[in-house]
Structures are given as structure tokens and as C-alpha cells.
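The primary structure of each chain is shown beneath.
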Amino acid sequence: MSNYPKFGAGLWHFASYVDRYATDGYAPPVTTLEQIARAGRVDDLSVVDVPYPFTEGVTIDQVKAALVEHGLEAIGVTPEIYLRKFSKGAFTHPDPAVRAELLEFLNEAADVVRALGAQYLKVWPGQDGWDYPFQVDHRQQWRLAVDGMRELAQANSDIKIVIEYKPREPRGKMFWDSAAKTALGIKEMGVDNVGVLLDFGHALYGGESPSASAQLLIDQGLLWGMDVNDNLRGWDDDLVVGTVHPVEVFEFFYTLKVNGWEGVWQLDQFPFREDTVEAANLSIRFLKALHRALDELDVEALRAAQLRQDAMGAQRIVQDVLFSCMRGE
């Protein structure tokens, strides 16, 4: 039997959702505590990424108790810095007072990381960016985004901070939009407690190879976390992992394995119309099969095919092991 890694999920996986059409939502609202309870019903799920602030009326002591009750640990805290208040940007907001308010809130979220014993503060500044040509001064955006993140890191030097990049949405073009740009910005910060959380789907629909992006970040010592999901490549659909691009998911995890990367295999999915617990169970079922396939993969034969750039030979090796492992242990 495979020695499986830890599996995790963002708590939002277990929430309810609205969009610009079903503005009344696809299901009744779900509190932070109810999301934790749902996560606790998923087979083999042991860690969660916790959004902050919690739903109204929920305290940090209640969250800690709920995590213990349901056998879960917090891997990270994700502050909501992408809502209406920051519609013109978070780190890059044109108003210095809003930027100061942002840093105060992020320092508060860092305290939640400490209180929950989490591994990192995850920063996803979805509103940093632009929508129209000439809307922003790109040099100023770089300065505000990089300097602001440096200030946050220096104020919280005892915890890890990870940036989750994404090409677009909600802004037409996000500032932290690629693996390479994010790595370059972190290098300019000159701090040692900022890294990257690579979202498989963000890399995919941003036109990257998730495997190549992972390798770049590993080589720079910056791949500190990852999320997996799937999409149709034109948008961040956050579908169940492996339902559209199983071979590229396999290549991504192969890259992690051959580099000795160890960490939580974490879900970042939005099952709008599906049962959230069932969607998580199906995801982990696939990830466990993929893990077994990695154990059985003939790495030397694959590397030999790669040295020849033998595409068909490599595909045959991968297909034989990946799809046979779906039959179970």
C-alpha cells in the first residue's frame, strides 16, 4: 500500500456560491464552522486552508475547537483582500490610507496564523492589477506591490508568506500573473520568508505548463505550497482534479517527486452544483491513484525517452501506469 501524502483543501470548497447569474446562490450560506464539519466528513482529508475573517459571529476559539473535533489542522490562513473595499487594488490601491488599512488587516491575519499553528499566510491580491490600457503606471504598480509585500514580510519575519499568482480574474490582468514574474518580484524583495503557492489551474489557464512552472519555482527555492484542481483552460473553472487534464496533473506531480518536493496535496475547487463532500472524496480518490502510479512509474525508461524527445514512447509509459492505477490497490 502506498504511503500517501497528507491531503488538504481550502475551506471554500465546502461553502456555497453565487455568481453573476445565480445571485441568490446555489445553496444556502454555510458558516465557517459548518465548512469545517463538512471537511471532517471527507475520507483522508487532514488539513484545511482557512479563509479570514470567519463568518459572522464565529470566534478563533470556536475555529480551533472545531478543527480538533473533526480531526483537522490548519495549513494556512487566506485573508480576504479581494472584496469591495479593495476593488481598485490592495497593495496597489491608489489611496495610501487604504494600503495602510490593508497592512493592518494582514498583520491581524498573521496573528491568526500563529493562533492556529498554521504553516503560512497565503496572500492572493486578486484586485491588484488593471483592466484597461493606460489605466495604471506599471512602474508604480511594481513598486507598490513589491514594497508592500516586503513590508508585510518584515513585520512578520517569524511566519512564512506565500503568494498565489493568477493571470486574471477578478481584474482583467492581475499583477502577480505568472510563476516567473512572481519569482522575480520575490527576489527583489530581499526577504527570506516569502515564497509561492502554485495553483495548478492558474498555471494551466495562464498558458503555462504547470510542470515547468513547478520546476522553475523549485529551482529558485520558492515552491512552498500548491493547490490542485482542473479547468477547460480558458478560465479558472476550479473543477475536480483530473477530470479534464489527467496527464498534465500526473506530469506536475512527477516533477514534484523527482525533485524531492514534499508537502500537502491540496484541493482548491469550487463545486458550485455538486455535493461538496462527494467532490472532495472523488478528488482524493484520483490523487491516491496518481500517487500509486508515481510509485510504479519506470522513471529510468521515461528519462531515456525524454533524452531522445521520444513523445510517443513517453506517452506509452505514462498511459500504461497512470490509467491502470485507477483500478485501485
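Structure's up top.
Parameters and conventions
- Residues numbered from 1 in each chain as written.
- Predicted model: local features only at pLDDT ≥ 70, side-chain atom pairs only at ≥ 80, totals over all residues.
- Heavy atoms only, no water.
- Core = buried A, V, L, I, M, F, W, Y, C linked by side-chain atoms within 4.5 Å.
- Buried < 20%, exposed > 50% of the residue type's maximum accessible area, 1.4 Å probe, protein only.
- Helix = DSSP H or I, 4+ residues; strand = E, 2+ residues; numbered from the N terminus.
- Phe/Tyr/Trp six-rings, centres within 6.5 Å; stacked < 30°, edge-to-face > 60°.
- Lys NZ or Arg CZ within 6 Å of the ring centre and 35° of its normal.
- Expected span 1.5 Å × (residues − 1).
- Arc of directions from axis to C-beta.
- Contact = heavy atoms within 4.5 Å.
- Lys, Arg positive; Asp, Glu negative; His and termini not counted.
- Salt bridge = Lys/Arg side-chain N within 4 Å of Asp/Glu carboxyl O.
- Polar contact = N/O pair within 3.5 Å; in protein donor to acceptor, adjacent residues only side chain to side chain.
- Pairing = 2+ DSSP bridges.
- Axes fitted to C-alpha atoms, helices over the stretch in contact; angles between N-to-C directions.
- Parallel < 35°, antiparallel > 145°, perpendicular 65-115°, else oblique.
- Left-handed = near helix turned anticlockwise from the far one by under 90°.
- Nonpolar A, V, L, I, M, F, W, Y, C, P; charged D, E, K, R; others polar.
- Right-handed = clockwise from strand over helix to strand, strands pointing away.

Trainee: What is the right way to look at the nonpolar core in this model?
Mentor: Inside soluble globular proteins, nonpolar side chains tend to come together where they are buried. If you look at the biggest cluster of nonpolar residues, it comprises 93 residues, and the most contacted ones within it are F91 and F253. The dominant element in this core, judged by the number of residues it contributes, is helix α3 (residues 96-116), at ten residues. V47, V162, L197 and V264 belong to the second-largest nonpolar core, a separate cluster that totals six residues.

Trainee: Is there a simple way to explain the packing of aromatic side chains in this structure?
Mentor: When we look at a pair of aromatic rings, we describe it by the centre distance and by the angle of the planes. Under the counting rule described, the total for this entry stands at 15 aromatic pairs. What links up through ring pairs into an aromatic cluster is the set Y4, F7, F200, F252, F253 and W265. Its end group placed over the ring of W224, K160 keeps NZ or CZ at 5.3 Å from the ring centre. For the cation-ring pair, K181 lies above F175, with the distance from its terminal atom to the ring centre recorded as 4.0 Å.

Trainee: Quick question: what am I supposed to make of helix α11 (residues 311-324) here?
Mentor: Since there are 3.6 residues in each turn of an α-helix, residues three or four apart along the chain are aligned in direction. In this model, α11 (14 residues) spans 20 Å end to end at C-alpha, consistent with the 20 Å of a helix rising 1.5 Å per residue. Looking at α11, one finds that the buried residues are G313, A314, V318, V321 and L322. One face of α11 carries all of its buried residues, which in axial projection span an arc of 145°. In this structure, α11 carries M312, R316 and D320 as exposed residues pointing more than 90 degrees from its buried face. Next to the buried residues of α11 lie α8 (246-258), α9 (276-296) and α10 (299-307).

Trainee: Hey, could you run me through the side chain of D268 in this one?
Mentor: Residue position: D268 is located in the loop between β10 (265-267) and α9. Of the side chains with opposite charge, K122 comes closest to the buried, unpaired D268, at an N-O distance of 4.9 Å. A polar contact of 2.7 Å, which involves the side chain of D268, links it to the side chain of W12. Non-local contacts of D268, meaning those with residues more than four positions away in its chain, are made with W12, E164, D199, D227, V228, N229 and D238.

Trainee: Help me out: how do you make sense of the pattern of salt bridges in this one?
Mentor: Think of it this way: side chains of opposite charge can pair up when their charged atoms draw near. Counting across every chain of the model gives 17 salt bridges. As a salt-bridge pair, E164 and K122 come within 3.2 Å of each other at their nearest N and O atoms. Here K122 lies in strand β4 (residues 120-123) and E164 lies in strand β6 (residues 160-164), a separation of 42 residues in the sequence. Like E164, the residue K122 is buried in the burial classification. Across the pair E169 and K166 runs a salt bridge, and its minimum N-O distance is 2.8 Å. Several salt bridges share partner residues, and in doing so they unite D49, K122, E164 and D227 into one network.

Trainee: Looking at this structure, I do not really get the pairing of β4. What am I missing?
Mentor: Residues in a regular strand project their side chains so that they alternate between the two faces of the sheet. Burial along β4 is two-sided: Y120 and K122 and L121 and V123, pointing in opposite directions, are all buried. Pairing analysis gives two bridges linking strand β3 (residues 73-79) to β4, with the strands arranged parallel. Of the residues in β4, the one forming a bridge with G76 is Y120. Pairing geometry for β4 and β6, over four bridges, is parallel. Bridge assignment links K122 to a residue of β6, and that residue is V162.

Trainee: Just to check I follow, could you spell out the packing of helix α4 (residues 138-155) against helix α5 (residues 179-189) for this structure?
Mentor: A pair of packed helices is characterised by two quantities: the angle between their axes and the separation of those axes. One way to put it is that α4 packs onto α5 with a least axis distance of 9 Å and a crossing angle of 60°. As summarised for this structure, α4 and α5 are arranged oblique, according to the angle between their axes. Note that α4 runs across α5; the crossing there is right-handed. Across the interface between the two elements, W142, V146, M149 and R150 of α4 pack against K181, L184, G185, E188 and M189 of α5. Of the residues belonging to the contact of α4 with α5, the class tally is five nonpolar, one polar and three charged.

Trainee: Just checking my understanding: could you explain the pairing of β3 for this structure?
Mentor: For β3, a buried count of six out of seven residues is recorded, marking the element as mostly surrounded by other parts of the structure. As for the winding sense of the linkage, the β-α-β connection from β3 through α3 to β4 is right-handed.

Trainee: Help me understand the environment of A203, please; the structure alone is not making it clear to me.
Mentor: Relative to the elements of secondary structure, A203 occurs in helix α6 (residues 200-205). Using a relative accessible area of 0% as the deciding quantity, one classes A203 as buried. The spacing of A203 and A115 is 88 residues in sequence and 31 Å in space, taken between C-alpha atoms. In contact with A203, other than residues within four places in its own chain, are Y165, L198, E208, P210 and S213.

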